[in-house]
Structure formats: C-alpha cells, structure tokens
Amino acid sequence: MAGAAQMWATQSRYDLETAKAMLDTGRYLYVLFCCQQAVEKMLKALIAKHTNELPPRLHNLMRLAEVASLTVPEDTAYLFRRLTDFYIASRYPEELENAAERIDSSQIRQTYVATEETLRWLASVL
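Residues numbered from 1 in each chain as written. Predicted model: local features only at pLDDT ≥ 70, side-chain atom pairs only at ≥ 80, totals over all residues. Heavy atoms only, no water.

*Asks:* Can you help me understand the layout of surface pockets in this one?
*Replies:* Here the idea is plain: a probe the size of a water molecule rolls over the atoms and shows the empty space left. Empty space within the largest pocket amounts to approximately 230 Å³. Of all the secondary structure elements, the ones that give two or more residues to the lining of the largest pocket are α4 (74-90) and α6 (105-125). Here the lining of the largest pocket takes six residues from α6, the largest share from any one element. Tallied by class, residues from the lining of the largest pocket come to three nonpolar, five polar and three charged. (1 Å grid on protein atoms, 1.4 Å probe; cavity = no way out; pocket = protein on both sides within 12 Å on 5 of 7 lines; lining within 4 Å. Points joined across faces, edges and corners; volume = space filled by probe spheres on them. Helix = DSSP H or I, 4+ residues; strand = E, 2+ residues; numbered from the N terminus. Nonpolar A, V, L, I, M, F, W, Y, C, P; charged D, E, K, R; others polar.)

*Asks:* So what exactly am I meant to see when it comes to the nonpolar core here?
*Replies:* Note on soluble globular proteins: their nonpolar side chains tend to be buried together. Core analysis: the biggest nonpolar cluster contains 34 residues, and V31, V39, L43, L70 and L122 have the highest contact counts within it. Among the elements of the structure, α1 (2-24), α2 (28-51), α3 (61-67), α4 and α6 are those that each provide at least two residues to this core. Counting residues per element, this core draws most heavily on α2, at 11 residues. Other than its neighbours up to four places away in sequence, L70 contacts L43, L46, A65, W121, L122 and V125. (Core = buried A, V, L, I, M, F, W, Y, C linked by side-chain atoms within 4.5 Å. Buried < 20%, exposed > 50% of the residue type's maximum accessible area, 1.4 Å probe, protein only. Contact = heavy atoms within 4.5 Å.)

*Asks:* Looking at this structure, how should I read α4?
*Replies:* For an α-helix, the turn length of 3.6 residues means that residues three or four places apart are oriented alike. Counted at 1.5 Å a residue, the expected span for α4 with its 17 residues is 24 Å, and the 24 Å between its end C-alpha atoms agrees. All of the buried residues in α4 are T76, A77, L79, F80, L83, T84, F86, Y87, A89 and S90. (Expected span 1.5 Å × (residues − 1).)

Spelled out as structure tokens, the structure:
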C-alpha cells in the first residue's frame, strides 16, 4: 500500500500547487476547493500507509483524520471544518454564491498559508 500512499501524497502536492496558481490569479473560490482537496488527499495517504487499505470515499476532513488516528490541534480542526464546509457548498451553485459573498482575499490567503502548514505537518507524520 506504500505505492498508494505515495500516489495520494503526490496528488495532494499537485492540488496545493493548483491552489497557489488560483491564488495568484485571483480565482479565490477555487483556492479553497483545491486546499480542501490537498488536505483530503494527504489524509488519505496517511490512511493508506497506516492501514494498508484503500482509504474510505469520504470528504469530511475531521472524519478522515479520525480514520487516520490523528490527534488534531484545535486550530487545525477549525481549518478542517472550514474547508469541509466550503467543499460541500462548492458542489451546489446556490450555496456557492452565498459562500462567495462571505470570503475576501485576505481570508483566502490566510487559509492557503494554514493549508501549507497543515500539509507540512501531515507529511511529517507520513
């Protein structure tokens, strides 16, 4: 399953790079979506490595952290909940419009930086 874990981790890094590209071009809604995907995939890399099984088809980051047997600090839990909420909203146009009204560029930049830091932590556990 080490190969599967590596594939998930590689995809996580790609999604973070995509989040940065979206940040640089001002496509803020997609920054959040790609940040969520990057964290989800790194959590799935951890699950694949530590359980030797395919990770569950879940998108809730806190639930995935539980499956990975991680103790998540409160600031990271807040990030996980925020990204999960946005991921769900991004699936429905009427909710996405409401989400777009509640975010600004400084919040997006802070979320991107927090995601980078979280991915470094998760990679160190991997």
